[in-house]
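A structural walkthrough
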Amino acid sequence: MDEPSMPTPPAHSPGPPAPPIPLTELLASKDLGLRRIAGPADADLLWVHTSEMADPYPYLLGGELLLSAGVLLTDPDHYVARLVEAGAAALGFGVRPVHETVPEALIEACDRYGLPLLEVPPETPFTAIARAVWRLMAEARHRELRRVTRAQQALATAAARPDPVPAVLHQLAAQLSGRAVLLTGRGEEVHAAGRRPPPEAAAALARLARVVARERPGSPASATDTHAGTHLAAYALGGGEGLALALATRRREAGDHTVAGIAVVLLSLLAAPHQGADAADRSAALVRLLLGATPAEVAPLLGSPGPWTVIHARRSDGTTADALTAGALGASLGSALVDAGREGDDTIRVLLPSTAGEATREAVGGEAPARREVTPQPGGGEEPPTLPQAPAVTPQPGWTLGVSTPTPLAALDSADLRAARALAHAEATRAPLTVDTPVTGLAAMIPPAQAAAHARTLLAPLTPPLADTLRCWLSLHGSWDRTAVALAVHRNTVRQRIGRCAVLLGVDLNDMDVRTELWFALRQE
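**Here's the deal with the overall build of the chain**
For the chain, the helix and strand inventory stands at 17 helices and 17 strands. Every one of the 525 residues in the chain was classed for burial, and the buried ones make up 45%. Element-wise, carbon and sulfur atoms account for 55% of the exposed surface of the chain, whose accessible area totals about 26600 Å².

Okay, here's the thing in structure tokens:
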């Protein structure tokens, strides 16, 4: 670790509620007439204090610009040594009426101990210097607040993007002009943004992240270090299962810590989107399934006995979403049950519990949602069937969604297939969201067993790929191009398959009655 170049104030000294002022800014105030005559030019001023004591050490907090006319100055070397020991930032020496010029011994002592020495002309009151410092502090505070506000807005906007975790890191790296990395407790990089630091600094940053990663009791929430002029910082993410935010910057500015704190809060929420759900119950449900329990038995542990809605999602730009981005999508949709994709498949699957009171109870009993009993009404009418209400699924920016109808647990595999078809339809029509429509109207009045038997007989000549192609083609109103997009095949392949279907079924697919009957049959699958 690099040692600080300036003396450190006493540990108990609280900082002021404003950022420090660089000495160069005060010297730039021409109306004060201040002139640096000894010591380094770099210093940060936290306070202004006036004292004519021979040894003001007991009354200094550290970081002061000490103003004195040297009334009791007898031993400049001892005087400067005590100021440096107290952590004073600079010494302002007023000439006249006590001293006509700044004592040469004082100049030599300040050079020797590295304490900036300012000559204060006779016409400049000490109070004017104090007022100038407070004014500069107020201006710096306002700049810091404006910067933090802009950064907060930019980070919040990034968190609302389809890829929130990488977006927040990129925005944080831009705000701090450095490197922002999300690391595991073992130092493995999850996401990163900004210019990569030198290898030695990157290794030191990974070590610092392991210090704060909450994989063992008593780990600190944050830690800082410097390495070869690079400022390093690491912050533990709350609920992030050992994740840490690590930062590497070439310089530190007022407000950096606040901006980093905002990012820590956002990333903690994004990296652990399932905090609101009961993780213990989800774990228990998994164990019971592995030990032979049925889905109906473990469903209450997942927050709802059903019915359930299956959602398939893919990134609109064609990129593959990582686990954190998939989890953020699940959180936006209101579910902690997310499948972040399988090898070779970039589809995200979300299982969303419905909140339909009576319909929920029926679904648990295993009844088909569209087969509610019809109640006679006065005047000979009938109460229309009440279907389970799907959760309010809304389009998500940057995503294309396919949504199934609410389905009982016993039929989730069918709902998964319908959600996949809905997603293919959405991509073919370039719609952000497509919801699979339930069987209603006249079709719902036919007993399911009879409808399924008729469908099996009618569609028996077709192979599964041909049936899928015919279903997709009919759902897209016979569009060759859209069907090709939905099935990810060439349009000529679609034409060949549809022609083959017409031959095998022995029908004219241009006939609307034929299309209607086939659509009815295909909907039973």
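**Things to note about a negative patch on the surface**
There is a patch of like negative charges on the surface, built from D508, D511, D513 and E517. Note that D508 resides in the loop between α16 (491-505) and α17 (512-522).

**Topic: the packing of helix α5 (residues 164-176) against helix α7 (residues 256-271)**
Where α5 contacts α7, the axes come no closer than 10 Å and their chain directions differ by 175°. On the basis of the axis angle, α5 is roughly antiparallel to α7. Mapping the contact onto sequence places P164, V165, V168, L169, L172, Q175 and L176 in α5 and D256, V259, A260, A263, L267 and L270 in α7.

**Details of the packing of aromatic side chains**
The full count for this structure, using the stated rule, is 1 aromatic pair. Relative to W480, the ring of W473 lies with its centre 5.4 Å away and its plane at 35°, an arrangement referred to as tilted. Owing to a relative accessible area of 23%, W480 belongs among the partly exposed residues under this scheme. The lysine or arginine in question, R82, covers the ring of Y57, its NZ or CZ lying 4.1 Å from the ring centre. Note that R315 overlies the ring of W399, its terminal NZ or CZ placed 5.6 Å from the centroid.

**Notes on the nonpolar core**
Grouped together as the largest cluster of nonpolar side chains are 32 residues, with contacts concentrated most on L155, L169, L172, L237, L245 and L247. Looking at this core, the elements that each hand over two or more residues are α4 (126-159), α5, β8 (178-183), β11 (230-236), β12 (244-249), α7 and α10 (323-333). When residues in this core are grouped by element, the largest group, 9 residues, is from α7. Those residues in contact with L172 that lie beyond four places of it in its chain are L155, A180, L245, L247, V259, A260 and A263.

**Brief notes about the confidence of the model for the chain**
In the predicted model, the chain carries a mean pLDDT of 79, and 81% of its residues have values of at least 70. Note that residues 1-13 has pLDDT below 50 and, in this model, 16 contacts with residues that lie over four places away or in other chains. With pLDDT under 50 throughout, residues 356-388 is counted as low confidence; its partners more than four residues away or in other chains account for 45 contacts.

**Remarks on unusual backbone geometry**
That bond from R96 to P97 is cis: its omega, 5°, falls within 30 degrees of zero. Mapped onto the secondary structure, P97 falls in the loop between β6 (90-94) and α3 (104-113). Phi angles above zero are rare outside glycine, and S177 is one such case at about 55°. As for its position among the elements, S177 is in the loop between α5 and β8. Unlike most non-glycine residues, H477 shows phi in positive territory, near 60°. Summarising the element assignment, H477 is placed in the loop between α14 (464-475) and α15 (480-487). What makes H477 exposed here is its relative accessible area of 71%.

**Section: the packing of α14 against α15**
With their axes 9 Å apart at the nearest point, α14 and α15 run at an angle of 130° to one another. Classified by the angle their axes make, α14 and α15 are oblique. Considering only the axes of α14 and α15, their crossing is right-handed. Two secondary-structure elements touch here, α14 through T469, C472 and W473 and α15 through W480, T483, A486 and L487. Partitioning the contact of α14 with α15 into residue classes produces 5 nonpolar, 2 polar and no charged.

**Comments concerning α17**
Burial in α17 covers these residues: V514, R515, L518, F520, A521 and L522. One side-chain oxygen of the residue at the start of α17 lies 2.8 Å from the amide nitrogen of D513, identifying that residue as D511.

**Considering the pattern of salt bridges**
On inspection of all chains with the given rule, the structure shows 18 salt bridges. When the shortest N-O distance is used, the salt bridge between D436 and R418 registers 3.1 Å. With D436 in the loop between β17 (433-435) and α13 (448-459) and R418 in helix α12 (residues 412-429), the pair connects residues that are 18 residues apart, well separated along the chain. The pair formed by D436 and R418 is uniform in burial state, with each residue classed as buried. Salt bridges sharing partners connect three or more residues here, namely D55, R82 and E85.

**Description of the pairing of β12**
The buried count for β12 comes to 6 of 6 residues, which makes it a mostly enclosed element. A two-sided burial pattern is seen for β12, the buried positions comprising A244, A246 and A248 on one face and L245, L247 and T249 on the other. Sheet topology places β8 next to β12; 6 bridges connect them, and they run antiparallel. Residue V181 lies in a different strand from β12, and its bridge partner there is A246. Here β11 runs beside β12; their pairing, made up of 6 bridges, is antiparallel.

Here is what the cut-offs are and how they apply
Residues numbered from 1 in each chain as written. Predicted model: local features only at pLDDT ≥ 70, side-chain atom pairs only at ≥ 80, totals over all residues. Heavy atoms only, no water. Helix = DSSP H or I, 4+ residues; strand = E, 2+ residues; numbered from the N terminus. Buried < 20%, exposed > 50% of the residue type's maximum accessible area, 1.4 Å probe, protein only. Areas by Shrake-Rupley, 256 points an atom, 1.4 Å probe, with all protein chains shown as cover. Patch = residues over 30% accessible without salt bridge, like charges linked within 9 Å, V, L, I, M, F, W, Y side chains within 5 Å. Salt bridge = Lys/Arg side-chain N within 4 Å of Asp/Glu carboxyl O. Lys, Arg positive; Asp, Glu negative; His and termini not counted. Charge placed at Lys NZ, Arg CZ, Asp CG, Glu CD. Axes fitted to C-alpha atoms, helices over the stretch in contact; angles between N-to-C directions. Parallel < 35°, antiparallel > 145°, perpendicular 65-115°, else oblique. Contact = heavy atoms within 4.5 Å. Phe/Tyr/Trp six-rings, centres within 6.5 Å; stacked < 30°, edge-to-face > 60°. Lys NZ or Arg CZ within 6 Å of the ring centre and 35° of its normal. Core = buried A, V, L, I, M, F, W, Y, C linked by side-chain atoms within 4.5 Å. pLDDT = per-residue confidence, 0-100. Left-handed = near helix turned anticlockwise from the far one by under 90°. Nonpolar A, V, L, I, M, F, W, Y, C, P; charged D, E, K, R; others polar. Polar contact = N/O pair within 3.5 Å; in protein donor to acceptor, adjacent residues only side chain to side chain. Pairing = 2+ DSSP bridges.

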